[in-house]
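Fold and geometry: a report
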Amino acid sequence: MGREDRQADPKAQDEASLLLRLRSGDEAAFAELVRDNAGRLLAVARRMLRSEEDARDALQDTFLQAFRGIERFEGGARLSTWLHRIVINACLMKLRTRGRKPEGSIDDLLPRFYEDGHRIDPGPPWRTDLPDPVESREMRTLVRESIDRLPEIYRSVLLLRDIEELSTEETAQLLDVKVDTVKVRLHRARQALRALLGPHFTGEVA
């Protein structure tokens, strides 16, 4: 979107006005920012942290960081995009600092192959008469619970790439790992998730 397009965009104009008010220290503007974004950001934090208390702490940290850093916001992206990045950072920081129990391996969930490249025990094909996972609340819950069973290093990559829709490069930067590491972890996470969901989509679970 060019400069003239941004000027003609009512939403962009409203955001520019809000940004000016935020930078001037307008308390009502900050209350508006919180009101318009808190619900969506809390949903992100809940997905990342799996704890209501931790999610609300991360949300509070997000708005505190936004309030302190509004002068450094350059306006190259939407305020909502900027806040999205902050809440993810806040969640990842909480994951890094809180005590964590050792997590298991996903090797048993990954496919195995013969030397000729053919897969060992590919299993039955997935059924096509099941509800769309995106539209079915039961299926969405099942997918979410299966994602939560993944070890954190795989779960975080899967959430950032496939749920929060960040790029591979953004994910690597946030997790402080190489791009190739993100690609490998994402591939393994998707394979493990498919193995966890398999029994439900092949009719093996009653």
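Residues numbered from 1 in each chain as written. Predicted model: local features only at pLDDT ≥ 70, side-chain atom pairs only at ≥ 80, totals over all residues. Heavy atoms only, no water.

**What about the environment of Leu150?**
Looking at the element boundaries, Leu150 is found in the loop between α6 (137-148) and α7 (152-163). On the basis of relative accessibility, which here comes to 0%, the residue Leu150 falls in the buried class. Taking the C-alpha atoms as reference, Leu150 lies 9.4 Å from Leu196; in sequence the two are 46 residues apart. (Helix = DSSP H or I, 4+ residues; strand = E, 2+ residues; numbered from the N terminus. Buried < 20%, exposed > 50% of the residue type's maximum accessible area, 1.4 Å probe, protein only.)

**A word on the packing of helix α4 (residues 52-69) against helix α5 (residues 79-97)**
Taken N-terminus to C-terminus, the directions of α4 and α5 make an angle of 130°; their axes are 9 Å apart at the nearest point. In this view, α4 runs oblique relative to α5, as classed from their interaxial angle. For the element pair α4 and α5, the recorded crossing hand is right-handed. Between α4 and α5, the residues in contact are Asp54, Asp57, Ala58, Asp61, Thr62, Phe63, Gln65, Ala66 and Gly69 and Trp82, Leu83, Ile86, Val87, Ala90, Cys91 and Lys94, respectively. Looking at side-chain class alone, the contact of α4 with α5 contains nine nonpolar, three polar and four charged residues. (Axes fitted to C-alpha atoms, helices over the stretch in contact; angles between N-to-C directions. Parallel < 35°, antiparallel > 145°, perpendicular 65-115°, else oblique. Left-handed = near helix turned anticlockwise from the far one by under 90°. Contact = heavy atoms within 4.5 Å. Nonpolar A, V, L, I, M, F, W, Y, C, P; charged D, E, K, R; others polar.)

**Brief notes about the pattern of salt bridges**
For the structure on display, the rule yields 12 salt bridges. Note that Glu164 is salt-bridged to Arg47, the shortest N-O span being 2.8 Å. In this pair, Glu164 sits in the loop between α7 and α8 (168-175) while Arg47 sits in helix α3 (residues 27-49), placing the two residues 117 residues apart along the sequence. Look at Glu164 and you get buried, because its relative accessible area is 9%. Residue class for Arg47 comes out partly exposed when judged on its relative accessible area of 24%. One salt-bridge network, in which partners are shared between bridges, spans Arg50, Arg144, Asp148, Glu152 and Arg155. (Salt bridge = Lys/Arg side-chain N within 4 Å of Asp/Glu carboxyl O.)

**Let's talk about the packing of aromatic side chains**
Summed over all chains, the structure comprises three aromatic pairs. Centroid distance Phe30 to Phe67: 5.3 Å. Interplanar angle 70°. Geometry classified as edge-to-face. Here Phe67 lies in helix α4 and Phe30 lies in helix α3, a separation of 37 residues in the sequence. Judged by centre distance (4.9 Å) and plane angle (40°), the ring pair of Phe73 and Trp82 falls under tilted. Across this residue pair, the class does not change: Phe73 and Trp82 are buried. Taken together, the ring pairs in this structure connect Phe30, Phe63 and Phe67 into an aromatic cluster. (Phe/Tyr/Trp six-rings, centres within 6.5 Å; stacked < 30°, edge-to-face > 60°.)

**A closer look at unusual backbone geometry**
Phi is positive for Glu165, which is not a glycine, with a value near 60°. Tracing the backbone through its elements, the reader meets Glu165 in the loop between α7 and α8. Owing to a relative accessible area of 65%, Glu165 belongs among the exposed residues under this scheme.

**What to know about the nonpolar core**
Residues Met48, Leu79, Trp82, Ile88 and Leu92 are the most contacted members of the largest nonpolar core, which totals 51 residues. Of all the secondary-structure elements, those providing two or more residues to this core are α2 (10-23), α3, α4, α5, α6, α7, α8 and α9 (179-201). In terms of residues, this core owes the most to one element, α5, which gives 10 residues. Other than its neighbours up to four places away in sequence, Leu92 contacts Met48, Ser156, Leu160, Leu174 and Leu175. (Core = buried A, V, L, I, M, F, W, Y, C linked by side-chain atoms within 4.5 Å.)

**Observations regarding the environment of Leu49**
With respect to the secondary-structure elements, Leu49 resides in helix α3. Here the alpha-carbon distance between Leu49 and Ile88, two residues 39 residues apart in the chain, equals 9.9 Å. With residues up to four places along the chain from it excluded, the contact list for Leu49 reads Asp54, Ala55, Ala58, Cys91, Lys94, Leu95, Arg98 and Arg155.

**Notes on α3**
Most pronounced at Ala38, the bend in α3 amounts to some 50°. Within α3, burial applies to Ala29, Leu33, Asn37, Ala38, Leu41, Leu42, Val44, Ala45, Met48 and Leu49. Measuring from the side-chain oxygen of the N-cap residue of α3 to the backbone nitrogen of Ala28 gives 2.8 Å; that N-cap residue is Asp26. (Bend = angle between axes of the 7 residues up to and from the residue. Polar contact = N/O pair within 3.5 Å; in protein donor to acceptor, adjacent residues only side chain to side chain.)

**Observations concerning the environment of Ala45**
Of note, Ala45 is situated in helix α3. For Ala45, a relative accessible area of 0% translates into the label buried. Considered as a pair, Ala45 and Cys91 are 46 residues apart in the sequence and their alpha carbons are 6.3 Å apart.

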